[in-house]
Amino acid sequence: MKPPLTEGPVTGARGRLRRPLAPARYFGLSLFSFLALLVLWSLLTYSGWVDPLFLPPPHDVLADGVRLFTQEGFLQDVAITVQRVILGFLLAAAVGIPLGILIGVSGVADALLEPLISFARYMPASAFIPLLILWIGVGEGEKVAVIFLGSFFSLVLMVAVHVRGVGKELLETAYTLGASQGQVVGKIILPAAFPPIFDTLRIVLGWAWTYIIVAELVAAQHGIGHVILQSQRLLQTGSILVGILTIGLIGLISDLSLRALGQRLFSWREG
Amino acid sequence: MELEFRAVGKVFSSSRGPVEALAPITLEVESGSFTTLLGPSGCGKSTLLRLAAGLEEPFFGEVWAGGKKVVGPGAERGLVPQAYSLLPWRTVEENIQLGWEFQGIPLSRRKERAKEFLRMIGLEAFADRYPKELSGGMKQRVAIARALANDPAILLMDEPFGALDAQTRMTMQEEILQIWQGTGKTILFVTHDIEEALFLSDRVVVMTPRPGKIKSIWEVPFPRPRSWDLRFEKAFVSLREHLMEEIRQDKEDKLA
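Draft legend 1. Structural context of a nonpolar patch on the surface. Residue and element names in this part refer to chain A. A contiguous nonpolar patch, built from Phe 34, Leu 249, Leu 252, Ile 253 and Leu 256 and spanning about 500 Å² of accessible area, is present on the exposed surface. Ranked by the residues each element gives to the nonpolar patch, the list is headed by helix α10 (residues 237-265), at four residues. With respect to the helices, strands and loops of the structure, Leu 249 is situated in helix α10.

Draft legend 2. Fine view of the pairing of strand β6 (residues 77-80) of chain B. Residues and elements named next belong to chain B. The alternating pattern of β6 places Arg 77 and Leu 79 on one face and Gly 78 and Val 80 on the opposite face, and all of these are buried. As judged from the four bridges shared by β6 and strand β7 (residues 154-158), these two strands associate in the parallel manner. What sits directly across from Leu 79, in β7, is Leu 156.

Draft legend 3. Summary view of the sheet that holds strand β9 (residues 203-208) of chain B. Residues and elements named next belong to chain B. If you trace the six strands from one edge of the open sheet to the other, you get β6-β7-β8-β3-β9-β10, paired in mixed fashion. The open sheet terminates on both sides in strands that have one partner only, identified here as β6 and β10 (213-219). With strand direction ignored, the average angle separating the axes of adjacent strands in the sheet is 20°.

Draft legend 4. Molecular detail of the pattern of salt bridges. All names here are of chain B. Applying the stated criterion to the full structure yields 30 salt bridges over all chains. The partner of Lys 45 in a salt bridge is Glu 159, and the shortest N-O contact between them spans 3.6 Å. With a gap of 114 residues between them, Lys 45 in helix α1 (residues 45-53) and Glu 159 in the loop between β7 and α6 (166-183) connect regions that are remote in the sequence. Each member of the pair, Lys 45 as well as Glu 159, carries the same accessibility label: buried. Across the salt bridge formed by Lys 185 and Asp 151, the nearest N and O atoms sit 2.4 Å from each other. Note that Lys 185 is positioned in the loop between α6 and β8 (186-191) and Asp 151 in the loop between α5 (136-149) and β7, a separation of 34 residues in sequence.

Draft legend 5. Examining the nonpolar core more closely. Within the largest apolar cluster, 48 residues are counted, with the highest numbers of intra-cluster contacts made by Ile96(B), Val142(B), Ile144(B), Met157(B) and Leu198(B). The element contributing the most residues to this core is α5(B), with eight residues. In this structure, Phe89(A), Ala93(A), Ile188(A) and Ala193(A) belong to the second largest nonpolar core, which totals 46 residues.

Draft legend 6. Layout of the interface of chain A and chain B. The interface of chain A with chain B comprises 20 residues on the first partner and 27 residues on the second. Counting each side, the surface lost to burial between chain A and chain B is near 2,000 Å², with a carbon and sulfur contribution of 65%. Three residues, Thr176(A), Leu177(A) and Trp268(A), lead the burial of chain A against chain B; their summed loss comes to 37% of the area buried on that side. On inspection of chain A and its partner chain B, the count reaches two salt bridges. With a shortest N-O distance of 2.7 Å, Arg50(B) and Glu172(A) are connected by a salt bridge. Inspection of the region where chain A meets chain B yields six residue pairs in polar contact (both at pLDDT 80 or more). Among the secondary structure elements, those contributing two or more residues to the side of chain A that touches chain B are α7 (168-176) and α8 (181-218) of chain A. Counting residues per element, the side of chain A that touches chain B draws most heavily on α7(A), at eight residues. Classifying every residue of the side of chain A that touches chain B by side-chain character gives nine nonpolar, five polar and six charged.

Draft legend 7. How the structure looks around the packing of aromatic side chains. All chains considered together, the criterion is met by 15 aromatic pairs over all chains. Taking the centre distance of 5.6 Å and the plane angle of 75° together, the rings of Phe59(B) and Phe60(B) count as edge-to-face. For Phe59(B), a relative accessible area of 54% gives the class exposed. Following the ring pairs from residue to residue traces out a cluster consisting of Phe194(A), Phe198(A), Phe266(A), Trp268(A) and Trp89(B). Sitting over the face of the ring of Phe199(B), Arg231(B) holds its NZ or CZ atom 4.3 Å from the ring centroid.

Draft legend 8. How the structure looks around the side chain of Ser85(B). Locating Ser85(B) in the fold gives a position in the loop between β6 and α2 (92-96). The class for Ser85(B) is buried, based on a relative accessible area of 5%. Not counting residues within four places of it along the chain, the set of residues in contact with Ser85(B) comprises Glu169(A), Leu170(A), Thr173(A) and Arg146(B).

Draft legend 9. Summary view of the sheet that holds strand β5 (residues 68-69) of chain B. Read across the sheet, four strands follow the order β2-β1-β4-β5 (chain B) without closing on themselves; strand pairing throughout is antiparallel. Where the open sheet ends on each side, the last strands, each with one partner, are β2 (17-29) and β5 of chain B.

Draft legend 10. Layout of the packing of helix α9 (residues 224-233) of chain A against α10(A). All names here are of chain A. In the contact formed by α9 and α10, the axes pass within 8 Å of each other and the chain directions differ by 160°. What the angle tells us is that α9 and α10 run roughly antiparallel. Here the hand of the crossing between α9 and α10 comes out left-handed. Contacts between α9 and α10 involve Ile 224, Ile 228, Ser 231 and Gln 232 from the former and Ser 239, Ile 240, Gly 243, Ile 244 and Ile 247 from the latter. A class-by-class count of the residues in the contact of α9 with α10 yields five nonpolar, four polar and no charged.

Draft legend 11. A look at unusual backbone geometry. Residues and elements named next belong to chain B. Here the amide bond leading from Arg 210 into Pro 211 is cis, since omega sits at -15°, within 30 degrees of zero. You can see Pro 211 is positioned in the loop between β9 and β10. Residue Arg 224 is joined to Pro 225 through a cis peptide bond whose omega torsion reads 0°. Relative to the helices and strands, Pro 225 resides in the loop between β10 and α8 (234-255). The phi dihedral of Tyr 84 falls on the positive side, at around 65°, and the residue is not glycine. With respect to the secondary-structure elements, Tyr 84 resides in the loop between β6 and α2. Residue class for Tyr 84 comes out buried when judged on its relative accessible area of 13%.

Draft legend 12. How the structure looks around helix α2 (residues 58-71) of chain A. Residues and elements named next belong to chain A. Relative to the 20 Å expected for 14 residues at 1.5 Å per residue, α2 spans 20 Å between its end C-alpha atoms, a close match to the ideal helical length. Of the residues making up α2, those classed as buried are Pro 58, Val 61, Asp 64, Gly 65, Arg 67 and Leu 68. Positive phi appears at Gly 73, one or two residues downstream of α2, with a value of about 65°.

Draft legend 13. Here's a closer look at α5(B). When the terminal C-alpha atoms of α5(B) are compared, their 20 Å separation across 14 residues agrees well with the 20 Å that a helix rising 1.5 Å per residue should span. Remark: Asp151(B) follows α5(B) within two positions and exhibits a positive phi of approximately 50°.

Cut-offs used in this document
- Residues numbered from 1 in each chain as written.
- Chains lettered and ligands numbered in written order.
- Predicted model: local features only at pLDDT ≥ 70, side-chain atom pairs only at ≥ 80, totals over all residues.
- Heavy atoms only, no water.
- Patch = residues over 30% accessible without salt bridge, like charges linked within 9 Å, V, L, I, M, F, W, Y side chains within 5 Å.
- Areas by Shrake-Rupley, 256 points an atom, 1.4 Å probe, with all protein chains shown as cover.
- Salt bridge = Lys/Arg side-chain N within 4 Å of Asp/Glu carboxyl O.
- Helix = DSSP H or I, 4+ residues; strand = E, 2+ residues; numbered from the N terminus.
- Buried < 20%, exposed > 50% of the residue type's maximum accessible area, 1.4 Å probe, protein only.
- Pairing = 2+ DSSP bridges.
- Axes fitted to C-alpha atoms, helices over the stretch in contact; angles between N-to-C directions.
- Core = buried A, V, L, I, M, F, W, Y, C linked by side-chain atoms within 4.5 Å.
- Contact = heavy atoms within 4.5 Å.
- Buried area = accessible area lost by both parts, 1.4 Å probe.
- Polar contact = N/O pair within 3.5 Å; in protein donor to acceptor, adjacent residues only side chain to side chain.
- Nonpolar A, V, L, I, M, F, W, Y, C, P; charged D, E, K, R; others polar.
- Phe/Tyr/Trp six-rings, centres within 6.5 Å; stacked < 30°, edge-to-face > 60°.
- Lys NZ or Arg CZ within 6 Å of the ring centre and 35° of its normal.
- Parallel < 35°, antiparallel > 145°, perpendicular 65-115°, else oblique.
- Left-handed = near helix turned anticlockwise from the far one by under 90°.
- Expected span 1.5 Å × (residues − 1).

Dropping the structure here:
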């Protein structure tokens, strides 16, 4: 129970920066911003300010969405794209995380690999698409390779940074408790670097989505990107929007679930 | 002799050239004794402790512990760091077990023995809590238990109570004396607090900065066990004043 309110003047300002909101308030505000976007969209379209060819009204896009999913097998395209993303992402993580850890703990690995990877990182993955098509064709391998190239190098560097960021005092304490080097890596560095690496994976998953759509726009017979390109050729603006919104929705759901998983896994985190 | 510094010196390289952090220091620490390194920041007391831990390499000279030359950190020289350094993803009990895990002691035995140490530090009720749920004093107790659980011959304590409030600090001082008397460890303790040094130690080593070196060594004659009211006794107060003078004088020398 709250104490009774006193009337009268008050003094003092409360620091509001970085203060977490109550969950209901957070959810309400988030929903508001989505609704505001929808209202803006409706205003622009139903008022006739914007030609439906450029931006169709919400109900048209909804109708296109229903048609795509029920009559044109869009769900299968979504499934294929999701599968490609997950495959490329997992592959990049499976190779990138161990390599990043190695660079983070070993000076030799650092010298051998970090400059090379920094160099590779600046070459845009999308520019490799023609080359990849030449090398491995337009099949699934090429799609996965584009995602891999787009996320792998930065992932390695970020993992290495997280590994180096593990407090020196934790390592020293472990050594004075008689830990071997392997034990320091396994019992100190890995668990300490795991939460930031997990956050990084969340971000990298977003990149994987960007790259797969680029790859599917260039050369694909299935997938969300392919549907978007087809719709452009047929001037079906609504279907393009359905494709884009679907990607956004999948991204939002996967990001929220990963975030929830992270909060559950790392409940021991301070602050 | 449990621990020996044989003409140990340390030189750091900096952008302005080499800096002598520690002038050659010779010091012997007797087995089972409580020795404190006392001095202002920059006097090299922590560096000396880290040399004993094997976390720093001497630029010249040698450190010997238990009849062996120190070439790196080892389980026989336990460290209680200033910042607790608990693993935040492990519970209190799991933190205490860390050293045993490194030795490969099976889980069932670890859990059993952890109880003994939880009791020693009075945190049985907190066995399953994470460090973020503990106060500073509790964290430091866990860090001490973790170091002691490994049964090191020497316990190195680097300003362990520096971050605690005055009351917790006094409690911890009494507790560490009890623990020390119960286990017979050799303790090398670092502090800049004169009263703390006198209350705890058999011997106080006063150090001065630029470069770090030993200025004087004081035997502390008060009988044990000691309790908190020792601080008000005449002999204690007078010795504290002498030590204060010793450290202050040094400051005046430097300013002159």
